[in-house]
Amino acid sequence: TQQVDSHTALTLNDVFFVNDSTGYACGGDKYNIGFFLKTSDGGRTWSIPDSIIPKEAYAQYFFNTGEGFVGGYDTWLAHTSDSGKTFSAYPGYVLPLLDISFSDRQHGIYVTGSGYMEGRICLTANGGSAWSCTTVQNNLSCVVYADEQTIFAGGYGVIYKSTNAGQTFSPLDIGGDFF
């Protein structure tokens, strides 16, 4: 491994590569700034952090080198279609958006959580233009599509599984702490 300059002393929370050379990173300061970085050389050098949302950025998902989403504190969600040159951002619910994933360009999911007691599972079927959310009794911090129908969401003391593209979720019989 080799340390590279991120041009910031603030927290970096997520890195997402769309191919061998193009990748993105996000982070910030919880209450003050959410920023975004880009590399075009496989991570050897990174752009200067660009402020994209007014709160810390925690998670991102990119479809290709040009289009993707970045989410963060207070469920701020930002979308770019020009490789991060510009973002359209809008606030959501008050919980931090902690992870986001898509099965294809239209179908996606993000999860939120706070205080180890409350979370939300939010789905889109139109590429992120609209999201429908369900509240759960657990802080959720990660989500992934195993295939188009199977989704796993994990968090404080729970892993939920959906086998119908997120229409319903059931907790798995597992033991543990914070996934």
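The preceding data block contains the structure.
Residues numbered from 1 in each chain as written. Predicted model: local features only at pLDDT ≥ 70, side-chain atom pairs only at ≥ 80, totals over all residues. Heavy atoms only, no water.

A. Spatial organisation of the overall build of the protein. The helix and strand tally for the protein stands at zero helices and 16 strands. Relative to its length of 179 residues, the protein is compact, with a C-alpha radius of gyration of 16 Å against a globular reference of 16 Å. Of all 179 residues assigned to the protein, the portion counted as buried reaches 46%. Intrachain contacts of the protein at a sequence separation of at least 6 include 32% that bridge at least 24 residues. Taken as a whole, the protein presents about 8800 Å² of accessible surface, with 49% of it coming from carbon and sulfur. (Helix = DSSP H or I, 4+ residues; strand = E, 2+ residues; numbered from the N terminus. Rg over C-alpha atoms; globule rule 2.2 N^0.38 Å. Buried < 20%, exposed > 50% of the residue type's maximum accessible area, 1.4 Å probe, protein only. Contact = heavy atoms within 4.5 Å. Areas by Shrake-Rupley, 256 points an atom, 1.4 Å probe, with all protein chains shown as cover.)

B. Region of the structure containing the nonpolar core. Core analysis: the biggest nonpolar cluster contains 22 residues, and Phe 36, Ile 52, Val 70, Leu 77, Ile 100, Tyr 110 and Trp 131 have the highest contact counts within it. Of all the secondary-structure elements, those providing two or more residues to this core are β2 (23-29), β4 (50-53), β5 (57-62), β6 (68-72), β7 (77-80) and β9 (97-102). Considering every element that reaches this core, the biggest residue donor is β5, with four residues. Dropping the residues within four chain positions of it, Tyr 110 is found in contact with Thr 75, Leu 77, Leu 97, Asp 99, Ile 100, Arg 120, Ile 121, Cys 122, Trp 131 and Cys 133. (Core = buried A, V, L, I, M, F, W, Y, C linked by side-chain atoms within 4.5 Å.)

C. Here's a closer look at the sheet that holds β9. In space, the four strands of this open sheet follow the order β9-β10-β11-β12, with antiparallel pairing throughout. The sheet is open, and its two borders are formed by β9 and β12 (132-136), each paired with just one other strand. Taken pair by pair, the neighbouring strands of this sheet meet at an average axis angle of 15 degrees, ignoring direction. Bridging between strand β10 (residues 108-114) and strand β11 (residues 118-124) involves seven bridges; their strand directions are antiparallel. Each bridged residue has a counterpart across the sheet, and for Thr 112 the counterpart in β11 is Arg 120. (Pairing = 2+ DSSP bridges. Axes fitted to C-alpha atoms, helices over the stretch in contact; angles between N-to-C directions.)

D. Fine view of the packing of aromatic side chains. Applying the stated criterion across every chain, the model contains 16 aromatic pairs. On the numbers, 5.3 Å between centres and 40 degrees between planes, the contact of Tyr 61 with Phe 102 is tilted. Taken together, the residues span a long stretch of sequence, with Tyr 61 in strand β5 and Phe 102 in strand β9 at a distance of 41 residues. Pair check on accessibility: Tyr 61 and Phe 102 agree, each one buried. Summarising the aromatic geometry, the rings of Phe 69 and Phe 102 are spaced 5.4 Å apart at their centres and angled 15 degrees between planes, so their arrangement reads as stacked. Separated by 33 residues along the polypeptide, Phe 69 in strand β6 and Phe 102 in strand β9 bring together distant segments of the chain. Overall, the relative accessible area of 2% leaves Phe 69 in the buried class. Members of the aromatic cluster, joined through ring pairs, are Phe 16, Tyr 24, Phe 36, Tyr 61, Phe 62, Phe 63, Phe 69, Phe 87, Phe 102, Tyr 110 and Trp 131. (Phe/Tyr/Trp six-rings, centres within 6.5 Å; stacked < 30°, edge-to-face > 60°.)

Geometry only, nothing functional implied.
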